[in-house]
Amino acid sequence: MTFVEILGKPDQNHDKPKYMEAYIAVVEPERCGTLMKRLACDLPPKLTAASASTSENGSSRHHHVDFSHLKRVKRTIVKQTCVIKEVVDEDSAELTTLPKRRRSNADETIRLEIVLGAVSSLDAKFQDATVELQQTYDLRSIYKRSVPSRSAESEEEFKEFHSVWPIVYFANRTLECRERERQLSQEDIDMMISSMKAAIHDANEQVDGMTSKRRVGTVVVDPKTGRILARSSDERQLQTTSCGSSSNTISLNPLATSVLFAIQGVSRMERHHAMNHGMNSSTFQTGQYLCTGCDVYTTLEPTVYEAMALVHARVRRLVIGCRRRTLGNDAPGGLTDLSVHALPGTNHKYRAFVCDAESELAKACVQLRDCTK
């Protein structure tokens, strides 16, 4: 395989058991709305609660309980059986059956069950609260039962979980869907190879500003057409010329890196297309951010702030030639060390790949990184 995907940190969701114990209450339909409002404040779906256990120093242990994947209310229609009376006509001695009457709403009752919270998150004080809840909301009963402890990761798992308790399910967020999306076509691989060669060529056209010898090349590519939108060497040269400064002066700027130059090159292109058109420019209408849907190829793994700049630029995919060295004074890798491209708290994530260490592309990038070329 020419390229290897750099995955984020393992999802802790997979380490959870399938089911957990939860407190369930049976509530009258007319009381359900007010009880839901009460629970949203007192026992929200995502809760950091003190566990009943304590640590050695006597302080309560806190852990995060998340049951937002569960639908809080389960609605069940209980159908009453229709009684059929058998009548014997004494004169004819024949068995006759009364005709069934049409089923009405009186033959059905609605049973509402509501999740109060996970058993592991509710301490002993909850036992006292149950009395108050039962009296205030006329709860029929409060009991324990097993419910899904996490979201479903496949269609089969969704069916299994949903048969136990209704859950929220997004097919495009499942592990099954993500694995299917990770498959690269031969067309994708061919474009990645040619674009990485372009990044290596770009590196040979410049000296990266972070050091006096290390060369780093970066290109931004439109994956729909394969066209190169920006090269870091071009933007570096334009900034050097327009400022009337030497390459050494530019190198003093800590933001003068290959990746940021490439992003600025896309910005320069958009400004050029917007001349006399403003926001009506077709280039602006393709995306709200600078590199929306674009792929970035760079010979060296980005640093933390470069990787975050790519998050803000909304890139679709990043392909790097080689990782940063793990020893020495080199900055930590934004992908392999900190997984900036897949942080759970960010509002955008992008896929990242690295050239296989045994490939010719990776060897050429290592030479550029180690200044041996």
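This text gives an overview of the structure that appears in the document. Every residue gets a number counted from 1 within its own chain, in the order that chain's sequence is written. Under the rules for a predicted model, residues below a pLDDT of 70 receive no local features and side-chain atom pairs below 80 are neither given nor counted, while totals for whole chains, interfaces and linings still include all residues. To obtain the side-chain values, all non-hydrogen atoms of the structure were included, while hydrogens and water were left out.

**Let's talk about the sheet that holds strand S2 (residues 19-27)**
By the convention used here, strands pair only if DSSP detects at least 2 bridges between them. Each helix is a run of H or I in the DSSP string that is no shorter than four residues. Each strand is a run of E no shorter than two, and both are numbered from the N terminus. Reading across from one edge, S5-S8-S2-S9 is the order of the four strands in this open sheet, with antiparallel pairing throughout. Unpaired on one side and paired on the other, strand S5 (73-79) and strand S9 (141-148) mark the two borders of the sheet. Shown here is a sheet whose adjacent strand axes are inclined to one another by a mean of 35°, direction ignored. In this structure, S2 lies alongside strand S8 (residues 108-118), joined through six bridges in antiparallel fashion. By the bridge assignment, Ile 24 is partnered in S8 with Val 115. What makes two residues a contact is simply this: any of their non-hydrogen atoms within 4.5 Å. Axis lines are fitted to C-alpha atoms, over the contacting stretch for helices. Their N-to-C directions set the angle, which ranges from 0 to 180 degrees. Contacts between helix H1 (residues 29-42) and the sheet are confined to S2, S5 and S8, with S8 contributing the most and set at about 15° to the helix. Across the face of the sheet, helix H3 (residues 155-164) comes into contact with S2, S5 and S9 while running at roughly 175° to S9.

**As for a negative patch on the surface**
The residues that make up patches have over 30% relative accessible area and no salt bridge, and they are joined within 9 Å when like-charged or within 5 Å when they are Val, Leu, Ile, Met, Phe, Trp or Tyr. Each accessible area value is a Shrake-Rupley result obtained with a 1.4 Å probe; residue values ignore everything except the protein chains displayed when judging cover. By convention in these notes, a salt bridge is any Lys or Arg side-chain nitrogen within 4 Å of a carboxyl oxygen on Asp or Glu. By the counting scheme adopted, Arg and Lys are positive, Glu and Asp are negative, and His together with the chain ends is not counted. Working definition for charges: the position is that of NZ of Lys, CZ of Arg, CG of Asp or CD of Glu. Negative charge collects at one region of the surface, where Glu 155, Glu 156, Glu 176 and Glu 179 lie side by side. Contributions of two or more residues to the negative patch are made by H3 and helix H4 (175-181). Counting through the fold element by element, Glu 179 comes out in helix H4.

**Quick look at the nonpolar core**
Core analysis: the biggest nonpolar cluster contains 26 residues, and Val 220, Leu 310, Leu 335 and Tyr 350 have the highest contact counts within it. Every element with two or more residues in this core is listed here: strand S11 (228-231), helix H8 (258-274), helix H10 (304-313), strand S13 (317-322) and strand S14 (351-355). If you tally residues by element for this core, the top one is H8, at six residues. Listed in part, the 24 residues of the second largest apolar core include Leu 184, Ala 203, Ala 364 and Leu 368. Joining through side-chain atoms within 4.5 Å is the link that ties buried Ala, Val, Leu, Ile, Met, Phe, Trp, Tyr and Cys residues into a set, and such a set is a nonpolar core. A 1.4 Å probe rolled over the protein chains alone gives each residue an accessible area, and that area as a share of the maximum for its type sets the label: buried under 20%, exposed over 50%, partly exposed in between.

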